[in-house]
Protein chains: 8
Amino acid sequence: MTAAPLMDWDRSRRTGLPEAVLAEAKSSAHLTALLTEAQQTNHPLLLTRLQPDQYEALPAELRDGLDYDPVSRTAFAGLLPPLSGQPRVVIVTGGLADLPAATEAARTLRFCGHDSVLIADVGVAGLWRLLDRIDTIRSFDVIIAVAGMEGALFSVLAGLVQSPIIALPVAVGHGVTAGGHAALTSALGSCAPGLTVVNIDNGFGAAQAAVRILLLRAPG
Amino acid sequence: MTAAPLMDWDRSRRTGLPEAVLAEAKSSAHLTALLTEAQQTNHPLLLTRLQPDQYEALPAELRDGLDYDPVSRTAFAGLLPPLSGQPRVVIVTGGLADLPAATEAARTLRFCGHDSVLIADVGVAGLWRLLDRIDTIRSFDVIIAVAGMEGALFSVLAGLVQSPIIALPVAVGHGVTAGGHAALTSALGSCAPGLTVVNIDNGFGAAQAAVRILLLRAPG
Amino acid sequence: MTAAPLMDWDRSRRTGLPEAVLAEAKSSAHLTALLTEAQQTNHPLLLTRLQPDQYEALPAELRDGLDYDPVSRTAFAGLLPPLSGQPRVVIVTGGLADLPAATEAARTLRFCGHDSVLIADVGVAGLWRLLDRIDTIRSFDVIIAVAGMEGALFSVLAGLVQSPIIALPVAVGHGVTAGGHAALTSALGSCAPGLTVVNIDNGFGAAQAAVRILLLRAPG
Amino acid sequence: MTAAPLMDWDRSRRTGLPEAVLAEAKSSAHLTALLTEAQQTNHPLLLTRLQPDQYEALPAELRDGLDYDPVSRTAFAGLLPPLSGQPRVVIVTGGLADLPAATEAARTLRFCGHDSVLIADVGVAGLWRLLDRIDTIRSFDVIIAVAGMEGALFSVLAGLVQSPIIALPVAVGHGVTAGGHAALTSALGSCAPGLTVVNIDNGFGAAQAAVRILLLRAPG
Amino acid sequence: MTAAPLMDWDRSRRTGLPEAVLAEAKSSAHLTALLTEAQQTNHPLLLTRLQPDQYEALPAELRDGLDYDPVSRTAFAGLLPPLSGQPRVVIVTGGLADLPAATEAARTLRFCGHDSVLIADVGVAGLWRLLDRIDTIRSFDVIIAVAGMEGALFSVLAGLVQSPIIALPVAVGHGVTAGGHAALTSALGSCAPGLTVVNIDNGFGAAQAAVRILLLRAPG
Amino acid sequence: MTAAPLMDWDRSRRTGLPEAVLAEAKSSAHLTALLTEAQQTNHPLLLTRLQPDQYEALPAELRDGLDYDPVSRTAFAGLLPPLSGQPRVVIVTGGLADLPAATEAARTLRFCGHDSVLIADVGVAGLWRLLDRIDTIRSFDVIIAVAGMEGALFSVLAGLVQSPIIALPVAVGHGVTAGGHAALTSALGSCAPGLTVVNIDNGFGAAQAAVRILLLRAPG
Amino acid sequence: MTAAPLMDWDRSRRTGLPEAVLAEAKSSAHLTALLTEAQQTNHPLLLTRLQPDQYEALPAELRDGLDYDPVSRTAFAGLLPPLSGQPRVVIVTGGLADLPAATEAARTLRFCGHDSVLIADVGVAGLWRLLDRIDTIRSFDVIIAVAGMEGALFSVLAGLVQSPIIALPVAVGHGVTAGGHAALTSALGSCAPGLTVVNIDNGFGAAQAAVRILLLRAPG
Amino acid sequence: MTAAPLMDWDRSRRTGLPEAVLAEAKSSAHLTALLTEAQQTNHPLLLTRLQPDQYEALPAELRDGLDYDPVSRTAFAGLLPPLSGQPRVVIVTGGLADLPAATEAARTLRFCGHDSVLIADVGVAGLWRLLDRIDTIRSFDVIIAVAGMEGALFSVLAGLVQSPIIALPVAVGHGVTAGGHAALTSALGSCAPGLTVVNIDNGFGAAQAAVRILLLRAPG
């Protein structure tokens, strides 16, 4: 059998998007090899869905070089690019349980050189909290909206703002809303126009979609 | 084979709820027999899901005695009870496509002796239209909320009012929201507390649930 | 990133419904902070889905101040309101496995100041047990019906009583009834009129819906 | 290409069950050939799901030889066997909309030489109608229970009788109960023991299952 | 709150079917109370889905009085009835992984006083193994067919025998057949006539359905 | 009952997106009233999902004022804005059956003042046709990718370009891909990063999402 | 907008598989243009899912040049290749309702120059009919098995033969087997090894898969 | 009860395919008995889905005789056949997470005497990696394509090669692609012709299907 190389470091060059690894379900040996290759070739690397026990199982010298965040289960290896300027992305969440996916998005943006602002826990059950912040939200170039359960936040928000808005449904809910499919469906079927959607819990993908938009216009 | 009687006129006496017939898929001969029996025994009758062609196929003398509404596809036969006083129920819809189910609820309430008020087309994509009317909505004893597509109206409304609120999801939508299941799921999984739900397009059931509540308190 | 406040203590004032926290999946540090804030601001707090290991992990001084019930996995913090008088709600269950959700409903009612009566294990497989108690059940203002498996209890009960009836389907069953979806569907699609429904295992929501009705009429 | 023979007249001899043809979607030419072959070889034949327009399109001389029932959409060709004695099967339906499937079962039984009794429209929304007839129902050797919507009839009936009971769910319902899947699930997941189930709208299959039981014991 | 009695010992008298308890998810204290009540009132009791750790957690003196089978996870308490004579039921399985459900059926039959014969591992992938035993299978009054995966055994068997045949689908399979739904669907939608079906893994229910048939005709 | 105004002409002013009406299922009288109101108030209007028979049923004088396209079933009423300059959006389709949705997107863009380029029938079954055009596709600011069946086009395209890419799944397919859900799932679950998705057949929504992005940067 | 060419006549040269057009839902003008282009460029063309009314709507001169089969709804245009020799493919069906898909497979094979043999109506409900023909079936190089309903034929056949076997599930069935998904699942989840599967009703695809195998070995 | 023999060693002789055992969920005692029987009767045996803890729990003397691979969770017992010559099968995977199923296929092929070549991690997100290897892939007689997530690899590959291609979808993915159903659907509904499909994660079945093809033609 012939073995494939560990990483396709060329892809980043071709698409302008940085290199990332979905760590979940990968063995400790495999992650160690990937991180070592990244280190030796001077490539920064983003690890997503890196479980705490996977992180703990890495060799100490590699672990020390990682910037690991247990909430989003993401880690940075290598040098981060400088920030591109004022934050142009706002991440809005319905509840506190949405923070893991929201933080994965924020950390992916940071890995790509973009700052962001988080406005958390402004779900529609308490509509005034959202309305109080709507002018702030409107001032950003890209909005990532994060919600689970029935996902009503997506429609309300899309009806109030003009910027591109990316819906990030999350697997927060019980009974009929368990698994995030109800929030996903609400986002896709929204009565508000021009909302686009990514997969459940895919904070990484939401951030990458934002980066594609940000690359269109350099600030200032 | 032994045949069952056409209608169980006793049920109404036992439950306090009036007698209704789901007309859809019943033959013209069958509907004619039911209406004749109701006429001869002096029982008022509510027909639901009576399709226009079913209505047209009835004998002229029976058709003349019916109060038929093509929007809700409902018909009244016999004398209606007097209205019980000021309307205590408000029916709120997200869009104009929700009117068939909303009107089925309003007509069922009327058949039971209760007036209602309709506030239509206040879906969350244009949130200010809803907020402009929220004080009026709050003044009613029972709220029937009607919405299709992603059903975000249910959560927004339930977060703003204290009265009992009955969610009536409708089969309005395309793609992932076709058939009304997305609106149903949003109602059941709402982040706003104390919302209850009836089957898709079941305006009759929503009204019956409202009648059960109205029977608890006779107006002053 | 900007942080949101821990609790929206204003919502209770706006909707008349008390403040509750879904404890499941929240960290010990987060729950500790919430309970401390509630204690310091003199707000009573209801915790739902608080797992035994989450309860055990709380600081002893906070744990001592909690009234924790392991069956329903609910906890009260702070002073409870006095009871509003004779119980006006009856909670009827099909089997003993329905008790966790039924007790969550009873405890939520208690937190809101309302007493209730529980009639357990009267499922339709032994119809006479239900019929023996039907006159008692009829004497209450609001009925919460709790059932899993195929949920036949909902239709039988709704055909026998006139009061508002809230169906609470539970995730009790195997094979085709696993997860509670069959019971939910039976409640929504019931042939008996005027039944309303809440999400699977949502005892909290069923109680909140009952409270909305109880607030309509002050006893005596 | 090689053609297969039209009917496998041997199967009946091997299994003791008579020969039947699912007519739906078969062309007029095909049905004509089948009926002609049955006539020429002196085999009685049961046609199921024979749509009215298919019946009308048959040659007049064949049509005249058929005993066609438009409610169940079944037709008999050839001589029927004599009846085996007193009816040992009772067919119980929840509503009038269940009659097509119930009649398909009754006609299939008749084709196999067995009489049956029909008790219609005793659904659980009016429980007393069922309880009034329960002693009659108990007196039969086999019970075929027919119900659509949420199918609560199956569990109630199975909890009250000891005879073998075959649940026949039907595609009667709207919204969540459309298509008969909810009734099917209720039958399979019933809390009452020893209920068995056939496919949705499969009156033919329910009758065949009854015949398998009837063949076990010849009446005294 | 008022408590319900632990068991409804009357049901057995009314339906002729013995008393059984679904042990899964019941606490040790609850099971202990049920077994003690059964012992004190001299009622035999069948426990189903009694997990090994639940069995181990019972008080030693109760455990000693139980006849526990870890394959089917069933236990008998109290005196079993004498066997009714030669076995009239055959239990046929497609594979060895079907044995837990098959044995639950056999043990339930034994608890009701009926012997049975097991023919295991005759799935259709090796058709000749089934055909070699088909004459034996045909000699029984009732057949319980047990299969997982795609459930092809049900149709093959039903096409070869005349006795009543009860399909018991089991949750054995991977990918599209995981959970037993594919086997269930194959049983319900079989092209072979007169097959009836019970819920996935419901060996108890299959046996109860067989008992209903056996009660029709006393042997010899 | 109180009636709502026909159109919310304010929404356009608030969100910057033009006013559109989903014509499907609306009565001729209703559409006539809407078009008359638009004409009298000098508002341009976009009608989507306007079926040919609905178009034919409009009064001749209104029909003459409409620019109707039967492929996309869209119509323009009133004056269109001038085009904003060179086309910045490319619409790429997998097959010819995708043209209705693709054209709905193109016509919606035109209604908003934006030109677009269509590259049709470059599905992955003939990969070279897509690769031959990839440099052209890369030169646009926004890509709308349209595909049905298994939707493999989305992933291939997203792996080759850097611009924002909006996946528009369409209901083209048979068997497992009927209804467009498979294409939708492929878009959401794509292995290529930063793809966003709209509802099945929602060409209008895809165009609105593109407009949100185009509004960020005015061309040169 | 730029238009794509009508057909990609190069693909056939690259893959060795002939050119085909899915006619369903294409307009008469479009089909006319395709057929004219094929005629003018001397390319044979296979049309699949060509509905009778589409065929009738073609210009008479084009229609006369087509070899149209209404059972499979396929048409050949242009010269067919000579047959490659003795038939190496056998097509086996469970029932007569499977003939449309089976014939689509046979006609596609013929279009590619391969003869085939059809053995119809040997479903497992009458197992002996299949066993009587099993030696004939075994003598072919490739087997296409066609079945609807529960699809038990696939497993039985795959357990009896060694040749490559392609399962073609069809949308024949009612209730739980409607739409062909049950047959598809049975094929995928078969307990018999080495079966491969194509989409529901995809006779064209099954034949193409067979052609890929036939191209491996030229007959002696 | 009568016990069935442990293995059907005759099946291999009848179908030409070797004997295999699905180890998952089998007890240690059962596996020990099977392996001992295989050893004593000199039959080689393939164990699939043998979990590491099951392997560790085997008696040391049996474990020493096994060739166990933890990636694919397969084990060989007994003598392997000699390899049949140059590898004629290529196994192509989209990502590294597809290796367990891919290796199960490779090991099953080896057990049957066939070598294979693995080309891993050439998913369509980096299309050039696949295109760089396409000529190598084309040189093999049979292609097994392995992919999870949205499964776009299947269509791209099938459009580029002429050999028989077997799609092996795997349960790699999150959200809408969790469980492998999306990849399965993409394979079945592919726009590329002549692709066949096996169950999710069924590397064993894919290899068996390849063996059926390889048995048609002996190399050179």
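K.L.:
Residues and numbers for the pairing of strand 3 (residues 66–69) of chain D, please.
P.N.:
All names here are of chain D. Strand direction decides the pairing type here: strand 3 and strand 4 (residues 74–77), joined by four bridges, are antiparallel. Counterpart to Asp-67 in the pairing with strand 4 is Phe-76. In sequence, strand 3 turns back onto strand 4 through a hairpin of four residues, with Arg-73 there showing a positive phi of about 55 degrees.

K.L.:
I'd like a description of the interface of chain H and chain F, backed by residues and values.
P.N.:
With 22 residues of chain H at the contact, the number on the chain F side is 22 residues. Our count for the contact surface shared by chain H and chain F stands at zero salt bridges. For the pair chain H and chain F, the number of links is five residue pairs in polar contact (both at pLDDT 80 or more). Listed by contribution, the elements that provide at least two residues to the side of chain H that touches chain F are helix 6 (127–138), helix 7 (152–158) and helix 8 (181–188) of chain H. Tallying contributions element by element places helix 8 of chain H first for the side of chain H that touches chain F, with four residues.

K.L.:
A description of the domain arrangement of chain A should follow, citing residues and the corresponding values.
P.N.:
All names here are of chain A. Each domain of chain A was delimited in the assignment, giving domain 1 (11–77) and domain 2 (89–216). On a C-alpha basis, the centres of domain 1 and domain 2 stand 26 Å from each other. Listed as interface residues are 18 residues of domain 1 and, on the opposing side, 16 residues of domain 2. Of the roughly 1300 Å² buried between domain 1 and domain 2 on both sides combined, carbon and sulfur atoms contribute 68%.

K.L.:
Lay out the relation of the copies chain A and chain F with the relevant residues and their values.
P.N.:
Put simply, the two copies of the chain differ by a rotation about an axis and a shift along that axis. Expressed as a screw transformation, the operator carrying chain A onto chain F has a rotation angle of 180 degrees and an axial translation of 0.0 Å, and the superposed copies differ by an RMSD of 0.0 Å. Taken together, the turn and the small shift mark the pair as related by a two-fold rotation axis. When the interface residues of chain A are mapped onto chain F, 100% of them are again interface residues, pointing to one common binding face.

K.L.:
An account of the relation of the copies chain H and chain F is requested, with residue identities and associated values reported.
P.N.:
Note on the identical chains: chain H maps onto chain F by a rotation of 180 degrees and an axial translation of 0.0 Å, with an RMSD of 0.0 Å. Most of the interface of chain H is mirrored in chain F: 100% of its interface residues are interface residues there too.

Thresholds, definitions, all that
Residues numbered from 1 in each chain as written. Chains lettered and ligands numbered in written order. Predicted model: local features only at pLDDT ≥ 70, side-chain atom pairs only at ≥ 80, totals over all residues. Heavy atoms only, no water. Pairing = 2+ DSSP bridges. Helix = DSSP H or I, 4+ residues; strand = E, 2+ residues; numbered from the N terminus. Contact = heavy atoms within 4.5 Å. Salt bridge = Lys/Arg side-chain N within 4 Å of Asp/Glu carboxyl O. Polar contact = N/O pair within 3.5 Å; in protein donor to acceptor, adjacent residues only side chain to side chain. Domains from an automatic or database assignment. Buried area = accessible area lost by both parts, 1.4 Å probe. Least-squares fit on C-alpha atoms with pLDDT ≥ 70 in both.

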